[in-house]
Amino acid sequence: MPFASHKALAPESSMPSDPRFLLSIDPETPPPGLVGAVVAIGNFDGVHRGHRAVIARAQALARRLAKPCAVLTFEPHPADFFGRGGGIFRLTNCDAKAHRMAELGLDGMFVLTFDKALASLDAEAFLREVLMRRIGAGAVVVGYDFHFGARRSGTPDFLREAAPRFGIKVEIVEKVVADEEGALDAVSSTATREALQAGDVRAAAALLGHHWSLTGPVIHGAKLGRRLGFPTANLAVDPSCRLRHGVYAVQIALNGRRLNGVASFGRRPTVDDGPPLLEVYVFDFSQDLYGRDIEVFFIDFLRPEQKFDSLDALTAQIRRDEAQARRILGA
């Protein structure tokens, strides 16, 4: 992980954050500034509407108690540790998650390494060793389906009964549904992943409460886009990403602004059928972005990735993609 334990998170130009935000990795004792904090606990992958309901409840409780507010999360994702599903499609890596939490106004984020030692703690030991000794939580807030401890033995009901014995207050947040018409499906990271795998970035945005994004440094490519008249900013994407291959209307965050563009994510079957790459053509923009970190927000799906018979046919389609993306983003 790139951040040092007990360090303030430095603000990023594309993702503004409070420099007072504390990122504490594997603390043995509570770090100064977060002692007695109200702590929201979970994986928070995607920081979706359900996660934000838990965080908002924690913030409200922290205000009432006049305490700092933080989240507790885990790396790697427990599903990856247990080897379920061949590697989970991560919606937000640790860096992006920290910046999201800072943007939400939290005082800090605890990150615990999810390893054999942590996974083997039973629910009572987790309360005693983690929440009390290492985190020093004054109160915890979790979702209705939160489980913890070996064999997921810790439940919200157990937490509500046991935590007060350690001097820790508890609040449980009920299910957040996917829409306001009473849909029965809860907002979840799993539902968001399924939407993105289908290319339905609009549905993913409805679940998340914000447009899903990818962040990374701009790398050098073959510069084919430049030769075709569409210079692109290329980002290598984590292998866990299972976003549907295709073309998207996008926006990029740069220097506090949102710039419109069109992006292709996939293997470029017309050119080389190589490893997945995100290629972003930013409209009406000519600055050099090589080496800079940019955040790409996926606004709408235009079409699946396809192979063309010639570069001329590909160029003609890119022009149509640009026109369609401009119409969508202009609206």
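Residues numbered from 1 in each chain as written. Predicted model: local features only at pLDDT ≥ 70, side-chain atom pairs only at ≥ 80, totals over all residues. Heavy atoms only, no water.

Observations concerning the pattern of salt bridges
Following the criterion strictly, the structure yields 21 salt bridges and no others. The closest approach of N and O atoms between Arg133 and Glu28, which form a salt bridge, is 3.5 Å. Of the two residues, Arg133 is situated in helix α5 (residues 123–134) and Glu28 in the loop between β2 (22–25) and β3 (38–41); the sequence distance between them amounts to 105 residues. Taking relative accessible area as the criterion, Glu28 reaches 47% and is therefore assigned partly exposed. (Salt bridge = Lys/Arg side-chain N within 4 Å of Asp/Glu carboxyl O. Helix = DSSP H or I, 4+ residues; strand = E, 2+ residues; numbered from the N terminus. Buried < 20%, exposed > 50% of the residue type's maximum accessible area, 1.4 Å probe, protein only.)

Regarding the sheet that holds strand β13 (residues 293–304)
With antiparallel pairing, six strands are arranged side by side in an open sheet as β8-β13-β10-β11-β12-β9. Since the sheet does not close on itself, it has two edges, and those belong to β8 (213–217) and β9 (233–236), each with one partner. For this sheet the average axis-to-axis angle between neighbouring strands, irrespective of direction, equals 35 degrees. As paired elements, strand β10 (residues 246–254) and strand β11 (residues 257–266) share nine bridges and run antiparallel to each other. Following the sheet pairing, Ile252 is matched in β11 by Leu259. Each of β10, β11, β12 (277–282) and β13 touches helix α10 (residues 311–330); the most contacted strand, β13, lies at about 105 degrees to it. (Pairing = 2+ DSSP bridges. Axes fitted to C-alpha atoms, helices over the stretch in contact; angles between N-to-C directions. Contact = heavy atoms within 4.5 Å.)

With respect to the packing of helix α7 (residues 189–197) against helix α8 (residues 201–208)
Taken N-terminus to C-terminus, the directions of α7 and α8 make an angle of 160 degrees; their axes are 7 Å apart at the nearest point. By the angle between their axes, α7 is roughly antiparallel relative to α8. Note that α7 runs across α8; the crossing there is left-handed. From α7, Ala191, Thr192, Ala195 and Leu196 reach across to α8, where they touch Val201, Ala203, Ala204, Leu207 and Leu208. Partitioned by chemical class, the residues of the contact of α7 with α8 number eight nonpolar, one polar and no charged. (Parallel < 35°, antiparallel > 145°, perpendicular 65-115°, else oblique. Left-handed = near helix turned anticlockwise from the far one by under 90°. Nonpolar A, V, L, I, M, F, W, Y, C, P; charged D, E, K, R; others polar.)

Considerations on helix α3 (residues 94–103)
The buried fraction of α3 is high, at eight of ten residues. Buried within α3 are the following residues: Cys94, Ala96, Lys97, Ala98, His99, Arg100, Met101 and Ala102. Buried residues belonging to α3 abut α1 (49–65), β4 (69–75), β5 (108–113), β8 and β13. Two or three places before Asp95, at the opening of α3, Asn93 has a side-chain oxygen 3.2 Å from that residue's backbone nitrogen. Taken from the residues just after α3, Gly105 is the one with a positive phi, measuring 90 degrees. (Polar contact = N/O pair within 3.5 Å; in protein donor to acceptor, adjacent residues only side chain to side chain.)

Considerations on the environment of Pro30
If you trace the backbone, Pro30 turns up in the loop between β2 and β3. A C-alpha to C-alpha distance of 9.0 Å links Pro30 and Met132, two positions 102 residues apart in sequence.

So, the pairing of β12
Most of β12 sits out of view: five of its six residues are buried. In terms of strand pairing, β9 meets β12 through four bridges, oriented antiparallel. What sits directly across from Ala236, in β12, is Leu277. Direction of pairing for β11 relative to β12: antiparallel, over a ladder of six bridges. Note on β12: the bridge partner recorded for Phe265 is Leu278.

Here we look at the confidence of the model for the protein
Of all residues in the protein, 89% have pLDDT values of 70 or greater, and the mean over the chain is 88. Least confident of the elements in the protein is strand β1 (residues 7–8), whose mean pLDDT is 39; most confident is β3, at 98. Counted against residues more than four places away or in other chains, residues 1–17, with its pLDDT under 50, gives 54 contacts. (pLDDT = per-residue confidence, 0-100.)

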